[in-house]
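A structural walkthrough
So the chains spell out like this:
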Amino acid sequence: EQAKVDRVMESYGQNIDFDTDYDKYFEYVGTIDEELVFKVQSVSEEQEKQIASVRASVLKIMADKYTWKQLSKEMSIACSKRDSHDDMLKIIDKPVRLEFLASITMQKALKDARVEPHYKVDDAGIPYSTASGGNSNNIGTDIDVFYQDVHALLEPTVSESRSIQVEHEIPSIRNHLIRTIKREREEGNEQIRCFAIFLAGKIDPDVGDSVAATKFINHIDIYPWETSDYTKTSEVAD
């Protein structure tokens, strides 16, 4: 955004004296400077690759930075009403933070895995918004994990509400997984094993029945994990 920075410095760096002319003041502050308007721009394929590269490099840096104890603690905080004291994490909204921490944990546990989170990041690779919902071109998965012959979907939520977990999250994950399997088969990856991990601070008991019914009807695997078990098992994998 260098052009906008230059524009501000050139046009608004000086003091403007309105005296008592209120009309002049309101005319000034009510005027839109078109040079400073953020317009919706399409992201090129090359830019997408650059963004993905930044995400990946930051994950590896954070996987080395944070200890298992820190990751376990911060994931617990992200799923609670408690506040983080980590200088970086505390400024990230909790739903986004959980996706970030879940990705870091997976990357730390499986160093050779390709972990592809879909949260939105700034130019330093720090997330500021959760993954977008699905559309015709985008399946809508929160995090894709590729490891050997496995393609896993990692789907975190900070909500412990039964209605959210059972009525929203599980059907959404089911749809993501079905579309992922279809895409892998269309691309000739018949040997790839696909499954999903549903991650929450606390899993509602009714999630088990919902997952079992989904498996029976759709022949797909969704594994519910609480964050404490997720970090413990990940540490063993490391």
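Right above here is the structure, for reference.
Presented here is an overview of the structure given in this document.

Brief notes about a nonpolar patch on the surface
Where nonpolar side chains cluster on the molecular surface, the patch consists of Val8, Tyr12, Ile16, Tyr22, Tyr25, Phe26, Tyr28 and Val29 and spans about 770 Å² of accessible area. Elements represented by at least two residues in the nonpolar patch include exactly helix 1 (2-12) and helix 2 (22-29). Position of tyrosine 22 relative to the elements: it lies in helix 2. Relative accessible area serves as the criterion here: at 58%, tyrosine 22 is assigned to the exposed category.

Quick word on the pattern of salt bridges
Applying the stated criterion across every chain, the model contains nine salt bridges. Where aspartate 87 meets lysine 90, a salt bridge forms, and the shortest distance between an N and an O atom there is 3.8 Å. Of the residues examined, aspartate 87 reaches a relative accessible area of 62% and is grouped as exposed. Of the charged contacts in the structure, one is a salt bridge between aspartate 206 and arginine 162, with a shortest N-O distance of 2.6 Å. In this pair, aspartate 206 sits in helix 7 (residues 206-218) while arginine 162 sits in helix 6 (residues 162-186), placing the two residues 44 residues apart along the sequence.

Points about the sheet that holds strand 6 (residues 193-200)
Taken together, five strands build an open sheet; the order of strands is 1-4-5-6-7 and the sheet is mixed. Looking at strand neighbours, the two that pair on one side only are strand 1 (114-117) and strand 7 (222-226), the edges of this open sheet. Adjacent strand axes in the sheet meet at a mean angle of 20°, parallel and antiparallel pairs treated alike. By the bridge criterion, five bridges tie strand 4 (residues 143-147) to strand 5 (residues 150-157) in an arrangement that is antiparallel. Bridge assignment links aspartate 144 to a residue of strand 5, and that residue is leucine 153. Its contacts with the sheet put helix 8 (residues 227-237) on strand 5, strand 6 and strand 7, and the angle it makes with strand 7 is roughly 95°.

What about the packing of aromatic side chains?
One pass over the structure, following the stated rule, counts five aromatic pairs. Aromatic side chains phenylalanine 18 and tyrosine 25 sit 5.4 Å apart centroid to centroid with 85° between the ring planes, which places their arrangement in the edge-to-face category. Among the residues examined, phenylalanine 18 registers a relative accessible area of 16% and is labelled buried. Between phenylalanine 18 and tyrosine 28 the ring centres are 5.4 Å apart and the planes differ by 55°, which places this aromatic pair in the tilted class. Of this pair, phenylalanine 18 sits in the loop between helix 1 and helix 2 while tyrosine 28 sits in helix 2, placing them ten residues apart in sequence. Each member of the aromatic cluster is reached from another via a ring pair, and the members are Phe18, Tyr25, Phe26 and Tyr28. Geometry around tryptophan 68 places lysine 108 over its ring, the cationic atom sitting 5.6 Å from the centre.

Points about the packing of helix 6 against helix 7
The N-to-C vectors of helix 6 and helix 7 enclose an angle of 25°; their axes lie 10 Å apart at closest approach. Taken together, the axes of helix 6 and helix 7 lie roughly parallel to each other. Classified by chirality, the crossing of helix 7 by helix 6 is right-handed. The segment helix 6 lies against helix 7, with Arg162, Gln165, Val166, Ile170, Arg174 and Ile178 engaging Asp206, Val207, Ser210, Val211, Thr214 and Asn218.

Procedures and definitions
- Residues numbered from 1 in each chain as written.
- Predicted model: local features only at pLDDT ≥ 70, side-chain atom pairs only at ≥ 80, totals over all residues.
- Heavy atoms only, no water.
- Patch = residues over 30% accessible without salt bridge, like charges linked within 9 Å, V, L, I, M, F, W, Y side chains within 5 Å.
- Areas by Shrake-Rupley, 256 points an atom, 1.4 Å probe, with all protein chains shown as cover.
- Salt bridge = Lys/Arg side-chain N within 4 Å of Asp/Glu carboxyl O.
- Helix = DSSP H or I, 4+ residues; strand = E, 2+ residues; numbered from the N terminus.
- Buried < 20%, exposed > 50% of the residue type's maximum accessible area, 1.4 Å probe, protein only.
- Pairing = 2+ DSSP bridges.
- Axes fitted to C-alpha atoms, helices over the stretch in contact; angles between N-to-C directions.
- Contact = heavy atoms within 4.5 Å.
- Phe/Tyr/Trp six-rings, centres within 6.5 Å; stacked < 30°, edge-to-face > 60°.
- Lys NZ or Arg CZ within 6 Å of the ring centre and 35° of its normal.
- Parallel < 35°, antiparallel > 145°, perpendicular 65-115°, else oblique.
- Left-handed = near helix turned anticlockwise from the far one by under 90°.

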